[in-house]
Amino acid sequence: MGVQLTVVVPVYAVEDFLVACLDSIRAGLSPEENAAVEVIAVDDASPDRCGAMLDAYAAEHGTVRVLHLSSNVGLGLARNAGLAEATGRYVWFVDSDDQLPPGSIRAVLDRLRETEPDVLLVDHLREHEDGRLQTDASSPLLAGEPSLDRLLGVQHTAWNRIIRRGLLIENELWFRAGWYEDIPFSNPVLIAADRVDVLNRVCYHYRIGRPGAITATRSERHFEAFDQYDALHRWLDRNDTPPAVRLRMFTLMVNHLLVVAGNDSRMHARFRRPFFRRIAEQYRRHRPAGHRSPSGSAGIKHRLVAANSYALYSAVRAGYRLAGLRRRPTERPPLVSQDTPVSSRPVQTSSLR
């Protein structure tokens with residue numbers, strides 16, 4: 001049968017989480033299932049003990065192939081290095097500070113054999129530093145009536161989609177250097193696919209708030225999101241993307257950039273105004289014909305971006321934050337059991353290439 005699934009694990013400064021991540025990939029697999037999975041761990045010139053830990057793990061378990069990069073290249077290019085060595089029919093990019101809940105690999109293998117999709121989307125839970133598990137806001141989209149428009153709204157990360165390796169090669173879909181490398185990759189794989197399947201089952205635990213993680217780091221490098229979105233729109237142009245998809249992608253882009261702008265864990269106050277100005281530039285540059293602002297509070301923010309009105313945006317943001325603080329004592333994200341059974345069903349979309 002050969003290798004069905006390659007799991008690529010980029011590794012950088014995660015020595016406290018690395019072994020748990022690797023163990024979670026192979027846990028509970030039968031010999032036949034184990035033979036169908038290869039794990040490629042890419043040591044991205046990690047400054048801690050991760051490189052030595054990978055070598056020791058591979059020597060002890062014999063189930064991990066280790067690549068040591070001579071210099072640090074970043075998450076996206078480290079993933080590319082692992083992808084270049086992959087032999088599986090499908091590839092899954094798993095971040096080395098995250099974990100797979102028990103049974104995930106088996107469920108994914110079974111579904112891939114059953115439906116043979118180009119892309120398989122899976123659900124995930126957000127894991128807080130205190131161990132609390134929380135459902136992602138986009139997860140309900142996996143359970144609703146399937147459509148490309150709906151699935152494009154699922155969190156656009158590399159690790160919640162298992163992709164046929166041939167699809168990436170055929171469409172020259174690789175990761176770019178820099179932060180926010182998922183932007184020009186994750187949704188194009190859905191648009192390029194002839195068949196997208198949904199496994200509406202929690203198969204991934206995404207760690208949030210870890211010191212050193214991009215989403216928990218204040219830095220000017222968050223401005224790199226704009227270059228990544230420019231790359232995404234160049235891809236959309238080259239592939240004659242239908243107008244309805246362009247409209248959807250534009251709205252999602254503005255929503256995402258506004259989330260980054262408003263997040264104190266990422267955006268220092270002194271960067272917020274210039275970041276907002278860049279969102280307004282991006283709005284003017286990429287706004288497709290026929291675009292209308294969404295309804296509700298999101299629409300208010302869209303219109304403020306369109307008007308390039310930072311002063312009003314800042315006032316609106318302050319109001320929302322005050323209202324949120326007032327609600328916070330009585331509102332906590334619910335605890336979620338990873339063992340809760342969830343139904344799953346296949347989804348088929350038409351090719352948009």
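Predicted model, so just to flag it, every value in this text is computed and none were measured. (Residues numbered from 1 in each chain as written. Predicted model: local features only at pLDDT ≥ 70, side-chain atom pairs only at ≥ 80, totals over all residues. Heavy atoms only, no water.)

### Here's the deal with the confidence of the model for the chain
Detailed reading of the predicted coordinates is not advisable wherever pLDDT is low.
Part 1 of the argument: Averaged over the chain, the pLDDT score is 90; the fraction of residues at 70 or greater is 90%.
Part 2 of the argument: Predicted confidence is poor over residues 329-344, with pLDDT under 50, and the contacts of this stretch with residues over four places away or in other chains come to 23 contacts.
Part 3 of the argument: In this model residues 349-353 is a low-confidence stretch, pLDDT under 50, and it forms 17 contacts with partners more than four residues away in sequence or in other chains. (pLDDT = per-residue confidence, 0-100. Contact = heavy atoms within 4.5 Å.)

### Some details on the UniProt feature "domain: Glycosyltransferase 2-like" (unreviewed entry) in the chain
Part 1 of the argument: Taking the UniProt record as the reference, the feature "domain: Glycosyltransferase 2-like" (unreviewed entry) is found at residues 6-137.
Part 2 of the argument: When the span residues 6-137 is considered, its composition is 37% helix and 26% strand, and the gap between its end C-alpha atoms is 28 Å. (UniProt positions renumbered as here; feature names shortened; annotations may be inferred. Helix = DSSP H or I, 4+ residues; strand = E, 2+ residues; numbered from the N terminus.)

### A short note on the domain arrangement of the chain
Part 1 of the argument: Here the chain is partitioned into domain 1 (5-216) and domain 2 (221-326).
Part 2 of the argument: One C-alpha centre belongs to domain 1, the other to domain 2, and the line joining them spans 27 Å.
Part 3 of the argument: In this assembly, 23 residues from domain 1 lie in contact with 20 residues from domain 2.
Part 4 of the argument: For the pairing of domain 1 and domain 2, the buried interface totals around 1,900 Å² over both sides, and the portion due to carbon and sulfur atoms is 64%.
Part 5 of the argument: Looking only at domain 1, the three residues that lose the most surface to domain 2 are W179, Y180 and I183, adding up to 35% of its buried area.
Part 6 of the argument: Here domain 1 and domain 2 share one salt bridge between them.
Part 7 of the argument: For D149, the salt bridge is made with R248, and the minimal N-O distance between the two is 3.5 Å.
Part 8 of the argument: Summed over the shared surface of domain 1 and domain 2, the result is seven residue pairs in polar contact (both at pLDDT 80 or more).
Part 9 of the argument: Taken together, the elements giving at least two residues each to the side of domain 1 that touches domain 2 come down to α7 (148-151) and α9 (183-192).
Part 10 of the argument: Of the residues forming the side of domain 1 that touches domain 2, the biggest block, six residues, is contributed by α9. (Domains from an automatic or database assignment. Buried area = accessible area lost by both parts, 1.4 Å probe. Salt bridge = Lys/Arg side-chain N within 4 Å of Asp/Glu carboxyl O. Polar contact = N/O pair within 3.5 Å; in protein donor to acceptor, adjacent residues only side chain to side chain.)

### Description of the packing of helix α1 (residues 18-26) against helix α3 (residues 50-61)
Part 1 of the argument: Put simply, α1 and α3 touch, their axes get as near as 11 Å, and they point 35° apart. Considering how the two elements wind past one another, α1 and α3 form a crossing that is right-handed. For the pair formed by α1 and α3, the contact residues are L18, V19, L22 and D23 on the first element and C50, M53, L54 and Y57 on the second.
Part 2 of the argument: Its residues assigned to classes, the contact of α1 with α3 comprises seven nonpolar, no polar and one charged. (Axes fitted to C-alpha atoms, helices over the stretch in contact; angles between N-to-C directions. Left-handed = near helix turned anticlockwise from the far one by under 90°. Nonpolar A, V, L, I, M, F, W, Y, C, P; charged D, E, K, R; others polar.)

### A look at the packing of aromatic side chains
Part 1 of the argument: Taken as a whole and assessed by the stated rule, the structure comprises 13 aromatic pairs.
Part 2 of the argument: Taking 4.5 Å as the distance between ring centres and 5° as the angle between the ring planes, the aromatic pair formed by W159 and Y204 counts as stacked. Of this pair, W159 sits in the loop between α7 and β7 (161-164) while Y204 sits in strand β8 (residues 196-207); the two residues are 45 residues apart in sequence, bridging distant segments of the chain. By the burial criterion, W159 is buried, and Y204 matches it.
Part 3 of the argument: With 5.9 Å between their ring centres and 45° between their planes, Y310 and Y313 make a pair best called tilted. Taken together, the positions of Y310 and Y313, both in helix α14 (residues 310-327) and three residues apart, correspond to about one turn of that helix.
Part 4 of the argument: Against the face of F175 rests R79, its NZ or CZ located 4.9 Å from the ring centre. (Phe/Tyr/Trp six-rings, centres within 6.5 Å; stacked < 30°, edge-to-face > 60°. Buried < 20%, exposed > 50% of the residue type's maximum accessible area, 1.4 Å probe, protein only. Lys NZ or Arg CZ within 6 Å of the ring centre and 35° of its normal.)

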